[in-house]
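Fold and contact review
Okay, here's what each chain looks like letter by letter:
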Amino acid sequence: MEKTKEILCIRRHLLDKKTYMVNSLKSKIIFMLRAYLEGKGFIELFPVIASPITDPLSSPSEAVFFDVYGHRFQLTKSMIFHKQLSMLTFEKIYIFSPNFRIEPSEKATTSRHLLEFVQLDLEIREASREEVIDFIEEMLIYLFERIQQEEEISFFGRKLPRLKRPFPRITYSEAVKKYGDDFENRLSEKASQPVWVIDFPYQVREFYYREDPQTGTMVDFDLLYPEGFGEAISGGEREWRPERLKRMLMKKGIDLDFYDIYLSLIEEGIPPSAGFGIGIERLTRFLSGVKDIKFTRLFPKLPGRFGI
Ligand code: AMP
Ligand code: MG
């Protein structure tokens with residue numbers, strides 16, 4: 001009986017006009033981003049969907065492990081390590097990378113978490129944080145200006161903000177002082193332009209960012225959408241020196257053995273790089289103005305809920 005109800009829900013979702021319009025908007029977004037990146041000389045790589053190394057993430061999510069010829073593989077939570085290593089081959093790369101993260105059931109109410117989502121993952125050899133920030137601002141302005149003309153935007157009656165560079169910035173510590181530890185929602189609600197949050201302390205961030213020895217904070221950023229839509233992007237400069245990476249792992253109390261494959265590869269030398277990941281479903285959610293993220297996928301998998 002319960003199962004029949006779920007099956008009917010899936011069918012209703014597939015037939016919903018909103019699902020149709022949001023997904024056709026998503027397809028246009030992907031097309032425009034690809035055209036933009038090709039024009040800027042980027043190489044598109046295929047995603048890695050399972051690997052012995054993937055992102056540890058800064059917020060809790062259960063990992064999916066399985067055995068492959070005696071090696072412990074995981075489904076990709078982000079391609080961060082592969083992006084860093086691919087800098088040995090190419091200077092500028094991007095991937096539309098599917099991520100699988102078993103988010104805690106409590107996130108069911110955020111309307112912005114999926115278990116299966118796609119990031120546009122991008123990395124640039126020898127780039128600085130400032131260069132990546134400039135790059136993102138230009139890319140978003142390009143996208144917003146073009147997408148505005150599309151019929152899906154008028155279908156949803158969406159009034160997109162006119163983006164103005166540079167986007168406002170706030171440091172992590174200022175954000176906490178003004179809005180509390182859980183600043184993401186409040187800061188995003190107050191904003192009418194996308195907002196950069198920079199300089200996160202290592203305690204709340206993944207170990208692979210470069211730490212600024214002067215300030216002791218990471219050379220990183222998040223971008224928050226305005227109008228309460230929350231986090232859009234995370235990124236920054238990556239640490240590429242094995243000694244510093246090991247020191248950071250130890251500082252965070254992480255067992256070096258867990259990253260032995262990654263560290264062995266890094267020890268042979270990789271170039272410094274910077275990059276970011278932008279969630280495509282969240283971008284589509286913001287551009288369409290349709291708050292419930294389930295409409296951005298035909299087969300959404302939501303925290304704590306059944307999906308196919
Ligand atoms: P993260 O590595 O956690 O910073 O994720 C990179 C980007 O992917 C975020 O800035 C979001 O845009 C998006 N993202 C992260 N987790 C989810 C999720 N559970 N559902 C949908 N999008 C997500
Ligand atoms: Mg993030």
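Everything quoted here is computed from the prediction, not taken from an experiment.

About the criteria used
Residues numbered from 1 in each chain as written. Chains lettered and ligands numbered in written order. Predicted model: local features only at pLDDT ≥ 70, side-chain atom pairs only at ≥ 80, totals over all residues. Heavy atoms only, no water. Pairing = 2+ DSSP bridges. Helix = DSSP H or I, 4+ residues; strand = E, 2+ residues; numbered from the N terminus. Buried < 20%, exposed > 50% of the residue type's maximum accessible area, 1.4 Å probe, protein only. Polar contact = N/O pair within 3.5 Å; in protein donor to acceptor, adjacent residues only side chain to side chain. Contact = heavy atoms within 4.5 Å. Near = heavy atom within 4 Å. Nonpolar A, V, L, I, M, F, W, Y, C, P; charged D, E, K, R; others polar.

Overview of the sheet that holds strand E6 (residues 116-125)
Pairing in this open sheet of eight strands is mixed, and the strands run E1-E5-E6-E11-E10-E9-E8-E7 from one edge to the other. Both outer strands of the open sheet, strand E1 (43-44) and strand E7 (169-171), are each paired with one neighbouring strand and no more. With six bridges joining them, strand E9 (residues 220-225) and strand E10 (residues 230-237) adopt antiparallel strand pairing. Across the sheet, Phe221 pairs through a bridge with Gly235, a residue of E10.

Quick notes on the side chain of Arg297
Within the fold, Arg297 resides in the segment after helix H10 (280-288). Since its relative accessible area comes to 17%, Arg297 is described here as buried. Within the structure, the side chain of Arg297 is placed 2.8 Å from the side chain of Glu281, a separation counted as a polar contact. When neighbours within four sequence positions are excluded, Arg297 is seen to be in contact with His13, Thr19, Asn23, Lys26, Leu114, Glu116, Phe117, Val118 and Glu281.

With respect to the site of ligand 1
Arg101, Glu103, Leu114, Glu231 and Ala232 are the nearest of the 14 residues found near ligand 1. Leu114 is positioned with one of its backbone polar atoms (N or O) 2.8 Å from a nitrogen atom of ligand 1. One of the backbone N or O atoms of Gly279 is found 3.1 Å from an oxygen atom in ligand 1. Contributions of two or more residues to the shell around ligand 1 are made by E6, E10 and strand E11 (273-279). Broken down by element, the shell around ligand 1 gets its largest block of residues, four residues, from E10. Its residues assigned to classes, the shell around ligand 1 comprises four nonpolar, five polar and five charged.

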